[in-house]
Amino acid sequence: WACGDVGGLGGKAAVARDGPLRRKVLTGLRGGGLFGFKKKKETAPPEPVTTVGSVSKVVVWTAAETALIYSFLVWAAASGDANADLAAAVVVVYGSAAVSDILLAVTAAALSAPARQVLIPTRVPDPRWYEALPKPSWTPPGWLFPIMWLAILKPLQVLAFAWVHSAGGLTTAARLVFCLHYALGDAWNRVFFGENLVGLGVVVIFVFLAALVAAAALISAIDLPAAYLLVPTIVWVTIASALNLRIFQLKQRAKLAGGQPKRRR
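For every chain, the first residue of its written sequence is number 1, and the numbers climb from 1 along that sequence. Per-residue local features are limited, in this predicted model, to residues with pLDDT of at least 70; the limit for side-chain atom pairs, both in listing and counting, is 80 or more; totals at the level of whole chains, interfaces and linings are taken over all residues. For side-chain calculations, the full set of non-hydrogen atoms in the structure is used, while hydrogens and water are omitted.

Regarding the nonpolar core
Step number 1: Among the buried residues, those of types Ala, Val, Leu, Ile, Met, Phe, Trp, Tyr and Cys that are joined through side-chain atoms within 4.5 Å form a nonpolar core. Burial classes follow relative accessibility: with a 1.4 Å probe on protein chains only, a residue under 20% of its type's maximum area counts as buried, one over 50% as exposed, and anything between as partly exposed. Among the nonpolar cores identified, the biggest contains 45 residues, and V58, L73, V191, F192, V204, I219 and I247 are the most heavily contacted of them.
Step number 2: Only DSSP runs of H or I covering at least 4 residues are called helices, and only runs of E covering at least 2 are called strands; the numbering of each starts at the N terminus. If you list the elements that add at least two residues to this core, you get α3 (52–78), α4 (82–106), α7 (144–166), α8 (172–194), α9 (198–220), α10 (224–228) and α11 (231–257).
Step number 3: Of the residues forming this core, the biggest block, 10 residues, is contributed by α9.
Step number 4: Whether two residues are in contact is decided by their heavy atoms, any of which lying within 4.5 Å being enough. In this view, I247 contacts Y130, L133, P134, K135, P136, F192 and V198; residues no more than four positions away in its chain are not counted.

Topic: α3
Step number 1: Here α3 spans 39 Å end to end across 27 residues, near enough to the 39 Å set by a 1.5 Å rise per residue.
Step number 2: The set of residues buried in α3 consists of S54, V58, W61, T62, E65, T66, I69, L73 and A76.
Step number 3: Of the residues trailing α3, G80 is marked for its positive phi of about 75°. Given the number of residues in a helix, its expected span is that number minus one, multiplied by 1.5 Å.

Here we look at a nonpolar patch on the surface
Step number 1: A surface patch of nonpolar side chains, about 560 Å² in accessible area, is lined by W138, L224, Y228, V231, V235 and I239.
Step number 2: Counting only elements with at least two residues in the nonpolar patch, the list comes to α10 and α11.
Step number 3: Among the elements that take part in the nonpolar patch, α11 stands out by supplying three residues, more than any other.
Step number 4: Secondary-structure assignment places V231 in helix α11.
Step number 5: Residue classification places V231 among the partly exposed residues on the basis of a relative accessible area of 38%. Residues enter patches when their relative accessible area tops 30% and they take part in no salt bridge; the joining distance is 9 Å for like charges and 5 Å for the nonpolar side chains Val, Leu, Ile, Met, Phe, Trp and Tyr. The method behind every accessible area is Shrake-Rupley, applied with a 1.4 Å probe, and residues are considered shielded solely by the protein chains displayed. We count a salt bridge whenever a side-chain nitrogen from Lys or Arg sits within 4 Å of a carboxyl oxygen from Asp or Glu.

Here's the deal with the packing of aromatic side chains
Step number 1: What counts as a ring pair is set by centres within 6.5 Å for rings of Phe, Tyr and Trp (its six-membered ring), and what kind of pair is set by the plane angle: stacked under 30 degrees, edge-to-face over 60, tilted for all other angles. Under the counting rule described, the total for this entry stands at 10 aromatic pairs.
Step number 2: Arranged with centres 5.3 Å apart and planes meeting at 70°, the rings of W129 and F192 form a pair that is edge-to-face. Residue W129 is found in helix α6 (residues 127–132), and its partner F192 is found in helix α8; the two are separated by 63 residues along the sequence.
Step number 3: Looking at F192, the relative accessible area reads 2%, which means it is buried.
Step number 4: Ring pairing ties together the aromatic residues W129, Y130, W188, F192 and F193, which thus form one cluster.
Step number 5: Comment: the charge-over-ring label is applied if NZ (Lys) or CZ (Arg) is within 6 Å of the ring centre and within 35 degrees of the ring normal. Looking at K135, its charged tip hangs above the ring of Y130, at a distance of 4.6 Å from the centre.
Step number 6: Over the face of the ring belonging to W61 we find R190, whose NZ or CZ atom lies 5.3 Å from the ring centre.

Brief notes about α8
Step number 1: Between its first and last C-alpha atoms α8 spans 32 Å; for 23 residues at 1.5 Å apiece the expected length is 33 Å, and the two agree.
Step number 2: One or two steps after α8, the chain reaches N196, where phi turns positive at roughly 60°.

Details of the environment of A227
Step number 1: Here A227 lies in helix α10.
Step number 2: Separated by 14 residues in the primary sequence, A227 and V213 place their C-alpha atoms 9.6 Å from one another.

Digging into the pattern of salt bridges
Step number 1: All chains considered together, the criterion is met by two salt bridges.
Step number 2: Ionic pairing is found between E195 and K57, a salt bridge with its closest N-O pair at 3.8 Å. With E195 in the loop between α8 and α9 and K57 in helix α3, this residue pair connects regions lying 138 residues apart in the sequence.
Step number 3: Here R190 makes a salt bridge to E65, at a shortest N to O gap of 3.6 Å. Remark: E65 occurs in helix α3 and R190 occurs in helix α8; sequence separation between them is 125 residues.

Following this line, the structure appears as structure tokens:
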């Protein structure tokens, strides 16, 4: 197009060299709007999808952490020291995630977000991801979550463990399921917040809830009041499970409304 005026309109060639036309040509060559070319729009990174590998990681995470904290509790109980047994319970209740992440880091699984938090505390999962998720109107405020877990639910779990200990201690089955439910809770945090897999998170958190209820049932056979102390945790995890499920449903609805293909997750 710029060369089509050579046969007698040399003045236009000069304008093309120095004037606005030249800028338009350069803009077009650089990917601008001239000649129908448009700049390539920046696209969001692809949404994480559940794969066989991600499911396998959940299984490995859960099995490894369950074995670790179960062995730790058995070792503390074998010491015969009541204070050591209770101290071990406190470590498990408040520190199971940190212990498991150190184990994962040592076993070359430090690419998960929680493991990076342990090794590099300034690197945390992006809070903007959770804020951007579609959520129901009944979603609890963010500040309530740490209060519920750290100030209310975990102290009740330690107290329940102390009452069970005074009643004779956990049976093998109760101790194993007790450890399993902690490992599943930590696995859900990795899946949902670390891997951003909302669909897989639904599965993990409902299995976590089932293990928690099973642990409470086994503990009730040893000391019923101790099992009652776990009821607030069951209620809170039930709310969290319903929230995870509703977020997944809203995300799927938004995909369909936007004309995007439904991706199996």
